[in-house]
Amino acid sequence: MECKRGSPFLTISNISLSFGGVTALTDVSFEVRKGEILSIIGPNGAGKTCILNCINQFYHPQKGEISFMGHSINGVPSHKIAKMGISRTFQNIELFNGLTVQDNLMAGRHFYMTGGFWGSFLGGIYFGKAHREEIQQRRIVEEIIDFLEIESIRKQIVGTLPYGMRKRVELGRALALEPKLLLMDEPMAGMNLEEKEDMARFVLDIYEERVDTIVLIEHDMGVVMDISHRVVVLDFGRKIAEGTPEQVKTDPDVIKAYLGNKS
Amino acid sequence: MDADTISKLFKQSCDRYGDKKIALRHKKFGIWQTYSWKYFWDQAKYFGLGLVSLGYSKGERITIVGDNEPEWYYAMFAAICCGGIPTGAYQDSLADEIKFVINQSGSIFVVVEDQEQLDKILEIKDDIPQIKKIIYWDPKGLRFYDDPLIISWEKVLELGREYDRSHPGIFEKFIAESQPEDPVYLTYSSGTTGIPKGILHCSRSTMASSAAWDAPDPTDEKDDFFSAFPLAYGAEFIYMIPAFLRGGATVNFPEEPETVEQNIREIGPSKGGAVPRMLENYVSFVQVKIADSTWLKRTIFNLLMPIGYRVARMKRNNLKINIFWKCLYGLYYFMVARPIRDWIGYTGLKVLMIGGASMAAEIFDFFVALGLDARMIYGMIECAPTAVHRAGDVDYETSGVPSPGCDIRITDEGEILTRGPMRMLCYFNNPEATAKLIDASGWVHTSDAGFITDKGHLVCIDRIADLLKLKDGTGFSPSYIENKLKFSPYIRDAVITGDDQDFVGALISIDFANVGKWAETHRIPYTTFVDLSQKKETYTLIKKDIININKKLPERQRIRRFAILHKELDADDAELTRTRKLRRKEVVRRYQDIIDSLYSDKTEYHAEARVKYRDGKIATIKTAIQLATLEDN
């Protein structure tokens, strides 16, 4: 199904999520439009990552509905969500630490492999369809490596890489899925200024060349205001504002949430 | 008729090999992609004609900014074949430095690699009004750039094809019209002594340079070159390119600047040159790796390495090597030399040409011991090589005998003068500087002090302006001592002082990686470069090395006092050139206060240094710098 630029792509309507007595999200709704970079911001514990986990169906909200390209995705298992075209990166980097960068990215191509068990077996001994497929997939992975400029660490074990590089590799794996919607959970956390600038550049490059709809959770306000088209602000599990960066910046509720009440 | 210009040579090789042989190889997407001579020809031809259709004509200049990639070659040959002059700016230059090159050369086109370089050019767009188009070859991130000045590589090729259809045979005509004295290449001096000057070379001079460089091991079709020096630096052009064209060899390009070390190992180039700085780095790399290695490996290295040195010495003295030493050498080569050569990508190399600066004999020895036919080459890019080592006549303390067709004369003041076919045409648009360099009878005044030995070898001591004199009149060459210091793996840069003083002093810049590793293994905690550099233990470490070096120096030239700098010398602070040569005047000016304290009885100096970060921000660092004294030794 095709979706026009600017039309609702992912719609979140009135979702609420609680863990026992703790309410994480209350009645949150907003939409992600095709062709935009949307940032979700908010103080610590506001429920930003919870929203991503709900979209992934890693958490199942007790109330409300999430629909992607017009279809409800409530209750769809996580791996199918990924197959539908939503991929993500994590705040705490979830890579296979013992594998090389290249293999981690190949893992992201898993869905596109059709060789099956026996095909893979023959492919393993240099023969047949799975072997050809491996070459095709590897080519796509190499394009991503080129795109993210990680050629020099291609064959290194992920566990030995510095943090900033791992973040980039994880982003590469998310891209390997060739998603329609990319969710990024604090891609710039813990980075120095130079790494942040690089990452911001990559986000913009991805937006221009690869994935035209991106949801970003980020704490660095400078970055958020610079690169996002719209911003959603959460506080204590509720949405308190939504709009362009300029609108949000001057919103009294947002200022209150971040800086507290004047007393 | 034999081809007498670069563009005719290019055509000759393209015609001879067509699509049967690989001209260029570039690692992309993890695989070595190959490009035939035919492809090379087509790219250069259509790009050149594309430029012509955009208003390029004979004698015009283009500036190329980018990493070493085939497109650099295509653009360069496109310009040369159309009778134009390519020049390059270093890819890590600041926008202002690029602006200087573009305006000094009067370029009307700029060819850039990617967004990073394009952004720099757009920043200075208003200051380079003569530019007709800016051409990029890597479109990543440029989709929404809509400046009318910008045009893509593919688009220019398309224009070129169209132009070829309406003007058939014109490209070949351009090539046929080329003359040996036509300028073909413009490179900028590194600016060790002030503003860079444009060195203009013609086919005649570059082909003569290359012939002298290539003589020890003539290039043939099987040879592999590796393009790792910045292409804006003249050495690759004047030495390698004519040889590559004549021999029909292959040039290999690294995937990214960060992967050069991996890629060079994969290729194992059979031809190449090196600058002392590179070799110094290799040696300290090997030393640190060995020190860091397991007990067994370290023992094997320490046990067998002397065999390498011993045999190298026997070979140099033309002694017969008996079967006993041959066997030992075989063992040594297999266990030590070959793995080390593999690590630095020198497995395929036979002759190692070293030039660009003077180098410590210890480093030279090391590479000879690895089984390489190492030779020094002397010459400034304006007229290079002036002297070169011939087979069987290698003496590492000299730069060899005058190269073919080249005359050398030493003036009464001790300056080296040279004259030969490899001399450049002139400094571009700078007649005063040209007149200063080349006198009426064609001699090039190198500004280097030197002498000729009994065996007819040239020895270059140092820049005349750099020679220093102590108060008592003892003259000495700072760079000679500096090179000795730099042999220590822990010393990255050194500045020797002592002009009109009582004794020789030194400012040391430590090698952060190596000293850092040393500190870790010795359980010395440190935080930053500044902290590490001023540790008492670091001083002790460096002192030990200086004492060793002092033993090899004449009494009066020994270092008495030294200080370790709190920052690395950096090209961005104008302390080094982009090819990492010391800009002595600038460094001495900047650290004058520390130097003054060296010659006082202070033991500490409180420094406030302005540091310029890559993004242009300026910050001040406050540190107490220790001043150490070496007791009589």
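Remember, it's a predicted structure, so these values are computed and weren't measured experimentally.

1. Side note on the overall build of chain B
Here is step 1: Looking only at helices and strands, one finds 21 helices and 28 strands in chain B.
Here is step 2: Its C-alpha radius of gyration of 25 Å places chain B within 12% of the 26 Å reference for a compact globule of 633 residues.
Here is step 3: Counting only C-alpha atoms, chain B reaches 80 × 65 × 55 Å along its principal axes.
Here is step 4: Sequence separation of at least 24 residues holds for 66% of the intrachain contacts in chain B that already meet a minimum separation of 6.

2. Digging into the overall build of chain A
Here is step 1: Helix and strand content of chain A: 10 helices and 10 strands.
Here is step 2: Structurally, chain A occupies a C-alpha span of about 70 × 40 × 40 Å along its principal axes.
Here is step 3: A burial count over chain A gives 36% of its 263 residues as buried.
Here is step 4: Residue pairs at least 24 apart in sequence account for 66% of intrachain contacts in chain A once pairs closer than 6 positions are excluded.

3. Here we look at helix H9 (residues 234-247) of chain B
Residues and elements named next belong to chain B.
Here is step 1: Between the first and last C-alpha of H9 there are 20 Å, a value that for 14 residues agrees with the 20 Å anticipated at 1.5 Å per step.
Here is step 2: Met-240 marks where H9 bends most, by close to 40 degrees; the proline Pro-242 follows one to four residues later.
Here is step 3: The buried fraction of H9 amounts to 13 of the 14 residues, a majority that puts the element mostly inside the structure.
Here is step 4: Immediately downstream of H9, the backbone of Gly-248 shows phi near 65 degrees, a positive value.

4. Some remarks on the domain arrangement of chain A
Residues and elements named next belong to chain A.
Here is step 1: One can read the domain layout of chain A as domain 1 (1-85 + 179-263) and domain 2 (92-177).
Here is step 2: Tallying the contact residues gives 11 residues for domain 1 and nine residues for domain 2.
Here is step 3: Residue assignment for the side of domain 1 that touches domain 2 shows that the elements contributing at least two residues are helix H2 (78-84) and helix H7 (193-209).
Here is step 4: Sorting elements by how many residues they give to the side of domain 1 that touches domain 2 places H7 first, with three residues.

5. Thoughts on the confidence of the model for chain B
Here is step 1: The predicted model of chain B averages 89 in pLDDT, with 99% of residues at 70 or higher.
Here is step 2: Both confidence scores are given for the complex: pTM 0.82, ipTM 0.77.

6. A few points about the domain arrangement of chain B
When the parts of a complex come together, some accessible area is lost, and that lost area is often taken as the interface size.
Residue and element names in this part refer to chain B.
Here is step 1: Splitting chain B by domain gives domain 1 (6-268), domain 2 (276-348 + 350-464) and domain 3 (467-629).
Here is step 2: Listed by partner, the interface residues are 27 residues for domain 1 and 30 residues for domain 2.
Here is step 3: Residue assignment for the side of domain 1 that touches domain 2 shows that the elements contributing at least two residues are helix H4 (95-105), strand S8 (183-188), strand S9 (198-202), helix H8 (203-214), H9 and helix H10 (260-267).
Here is step 4: Ranked by residues supplied to the side of domain 1 that touches domain 2, first place goes to H8 with six residues.
Here is step 5: Its residues placed into classes, the side of domain 1 that touches domain 2 shows 12 nonpolar, 10 polar and five charged.

7. Describing the pairing of strand S3 (residues 37-41) of chain A
Residues and elements named next belong to chain A.
Here is step 1: Counted residue by residue, S3 has five buried out of five residues, so it is predominantly covered.
Here is step 2: Going residue by residue along S3, you find Ile-37, Ser-39 and Ile-41 tucked away on one face and Leu-38 and Ile-40 tucked away on the opposite face as well.
Here is step 3: Of the strand pairs in this sheet, S3 and strand S8 (residues 214-217) are connected by four bridges, and their pairing is parallel. Within S8, the position partnered with Ile-40 by the bridge is Ile-217.

8. Details of the interface of chain B and chain A
Here is step 1: Listed by partner, the interface residues are 10 residues for chain B and 11 residues for chain A.
Here is step 2: Here the residues of the side of chain B that touches chain A sort into two nonpolar, three polar and five charged.

So, how was this worked out
Residues numbered from 1 in each chain as written. Chains lettered and ligands numbered in written order. Predicted model: local features only at pLDDT ≥ 70, side-chain atom pairs only at ≥ 80, totals over all residues. Helix = DSSP H or I, 4+ residues; strand = E, 2+ residues; numbered from the N terminus. Rg over C-alpha atoms; globule rule 2.2 N^0.38 Å. Contact = placed C-beta atoms within 7 Å. Buried ≥ 20, exposed ≤ 12 C-beta atoms within 10 Å, placed from the backbone. Expected span 1.5 Å × (residues − 1). Bend = angle between axes of the 7 residues up to and from the residue. Domains from an automatic or database assignment. pLDDT = per-residue confidence, 0-100. Nonpolar A, V, L, I, M, F, W, Y, C, P; charged D, E, K, R; others polar. Pairing = 2+ DSSP bridges.

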